[in-house]
Amino acid sequence: MRLRNKPWAVKLVNDHPESVLQNPDPDKKIDWAERFGNDHPIEIEVGSGKGHFITTLAEMHPDKNYVALELQTTAAGIILRTKLEKGLDNLQILRGDAADINSFFGKNTTDVIYLNFSDPWPKTRHEKRRLTYKSFLSKYEEVLKPEGHIEFKTDNSGLFAYSVQSMNNYGMFFDFVSVDLHHEKPEIVEKNIETEYEHKFAAKGNPIYALHAHFET
Ligand code: SAM
C-alpha cells in the first residue's frame, strides 16, 4: 500500500531525528539502549502503516520499548505525529526495509516481531518479497531472543496459507492459529489490538487470520 506523499509528514520526520532513524547505515549497529535511554525489552512491528497498532501497544506498556519499522516516509510521519501527541518515549520509528532487519538489530535482542497485514505479493515470481519468505524468517530468527516469537495477522487467505507452509517448512512451532480471530473466545478477542487494515477488512465481514509462532529454542 502506497500512501499519498504528505509534505508535512516529510518535514516532521526530518525535524525529529531523535525519534526517527532514516535509512541507517546497515554496516553500523544501532545502539537502541542509547536511543531509548534504557534497556527495556524491544518489540518490533514490521510495516506499521499509520501505526495505530504499535502506538496503542506503546501506550499500554510503558515498561517495554517498541520500534515501528516502515518503508514509507509519509507513514513514518503519521506514526511520529501520534507519538508526539501521546508523549510515547518508548516508541522509535525506523524508516527502512525489513530486508535489513538483521543489520538494524543485533542477534538475540528482540522479544516479539509483529507482521500485520503485510503486502501479499500474490504473484509466484514475487514470492521472495513476502515478509514470511524463508530469507526473512532466517533474519527474524537471528534478531529474536531464543524465547522470542512472531505474531502475524492478515485478511489474505493466500498469504496466510503460504506463511503457515513457509514457517512449517522452516521448522517453526505454532503456539496459536486462528482462521477467524474476531470470533475466538472473548479473552482472545478482548486482547486483540486492531490495525487500520484489520479494522477496514473486518468491517466488511472478512475473517481475520492470525498465528503466533516461535523458532526452535
Ligand atoms: N500494518 C498496517 C496495518 O495493518 O494497517 C499497514 C499494512 S500495509 C498493507 C503494509 C505496510 O508495510 C505499508 O505501510 C508498507 O509501506 C510497509 N512495508 C511493506 N514492505 C515493507 C518492508 N520491506 N519493510 C518495511 N515496511 C514495509
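Residues numbered from 1 in each chain as written. Predicted model: local features only at pLDDT ≥ 70, side-chain atom pairs only at ≥ 80, totals over all residues. Heavy atoms only, no water.

Student: Just to check I follow, could you spell out the nonpolar core for this structure?
Tutor: Nonpolar side chains in soluble globular proteins tend to end up buried together. Within the largest apolar cluster, 34 residues are counted, with the highest numbers of intra-cluster contacts made by F105, Y140 and I150. The residue makeup of this core includes at least three contributed by each of domain 1 (18–24 + 43–96) and domain 2 (99–217). Counting residues in each nonpolar core, the second largest holds 17 residues, with V13, L80, L88 and Y114 among its members. (Core = buried A, V, L, I, M, F, W, Y, C linked by side-chain atoms within 4.5 Å. Buried < 20%, exposed > 50% of the residue type's maximum accessible area, 1.4 Å probe, protein only. Domains from an automatic or database assignment.)

Student: Would you mind going over the packing of helix α6 (residues 134–143) against helix α7 (residues 157–170) with me for this structure?
Tutor: How two helices pack is summed up by the angle between their axes together with the distance between the axes. At a closest axis distance of 10 Å, the pairing of α6 and α7 adopts a crossing angle of 60°. If you check the angle between α6 and α7, you find them oblique. Handedness of the crossing formed by α6 with α7: right-handed. Judged by residue contacts, K134, L137, S138 and E141 of α6 engage S166, M167 and Y170 from α7. Of the residues belonging to the contact of α6 with α7, the class tally is three nonpolar, two polar and two charged. (Axes fitted to C-alpha atoms, helices over the stretch in contact; angles between N-to-C directions. Helix = DSSP H or I, 4+ residues; strand = E, 2+ residues; numbered from the N terminus. Parallel < 35°, antiparallel > 145°, perpendicular 65-115°, else oblique. Left-handed = near helix turned anticlockwise from the far one by under 90°. Contact = heavy atoms within 4.5 Å. Nonpolar A, V, L, I, M, F, W, Y, C, P; charged D, E, K, R; others polar.)

Student: Help me understand the environment of D27, please; the structure alone is not making it clear to me.
Tutor: Position of D27 among the secondary structure elements: in the loop between β1 (20–22) and α2 (32–36). Considered as a pair, D27 and R81 are 54 residues apart in the sequence and their alpha carbons are 29 Å apart.

Student: So what exactly am I meant to see when it comes to the site of the ligand here?
Tutor: In the vicinity of the ligand lie 18 residues, with G47, E70, Q72, A98 and T195 positioned nearest. Within the side chain of T195, a nitrogen or oxygen atom sits 2.7 Å from an oxygen atom of the ligand. In the model, an oxygen atom of the ligand is placed 3.3 Å from a nitrogen or oxygen of the E196 main chain. Taken by itself the ligand offers 600 Å² of open surface, and the protein chains cover 94% of this. Given that more than half its atoms are within 2 Å of the pocket grid, the ligand belongs to the largest pocket. Residues belonging to the shell around the ligand are distributed by class as follows: six nonpolar, seven polar and five charged. Each of domain 1 (18–24 + 43–96) and domain 2 (99–217) contributes no fewer than three residues to the shell around the ligand. (Near = heavy atom within 4 Å. Polar contact = N/O pair within 3.5 Å; in protein donor to acceptor, adjacent residues only side chain to side chain. Areas by Shrake-Rupley, 256 points an atom, 1.4 Å probe, with all protein chains shown as cover. 1 Å grid on protein atoms, 1.4 Å probe; cavity = no way out; pocket = protein on both sides within 12 Å on 5 of 7 lines; lining within 4 Å. Sits in = over half its atoms within 2 Å of the grid points.)

Student: What exactly am I supposed to notice about the packing of aromatic side chains here?
Tutor: Given two aromatic rings, their pairing is described by the distance between the two centres and the angle made by the two planes. Overall, the coordinates contain eight aromatic pairs when judged by the stated rule. Ring plane angle 5° and centroid distance 5.0 Å describe the contact between W32 and F105, whose orientation is recorded as stacked. With W32 in helix α2 and F105 in the loop between α5 (101–104) and β5 (110–116), this pair connects stretches of sequence that are 73 residues apart. Assigned by exposure class, W32 and F105 land together as buried. Aromatic ring contacts, followed pair by pair, group W32, F36 and F105 into a single cluster. Cation over ring: R129 sits above W121, and NZ or CZ is 4.7 Å from the ring centre. (Phe/Tyr/Trp six-rings, centres within 6.5 Å; stacked < 30°, edge-to-face > 60°. Lys NZ or Arg CZ within 6 Å of the ring centre and 35° of its normal.)

The quantities given are spatial measurements derived from coordinates; they are silent on function.
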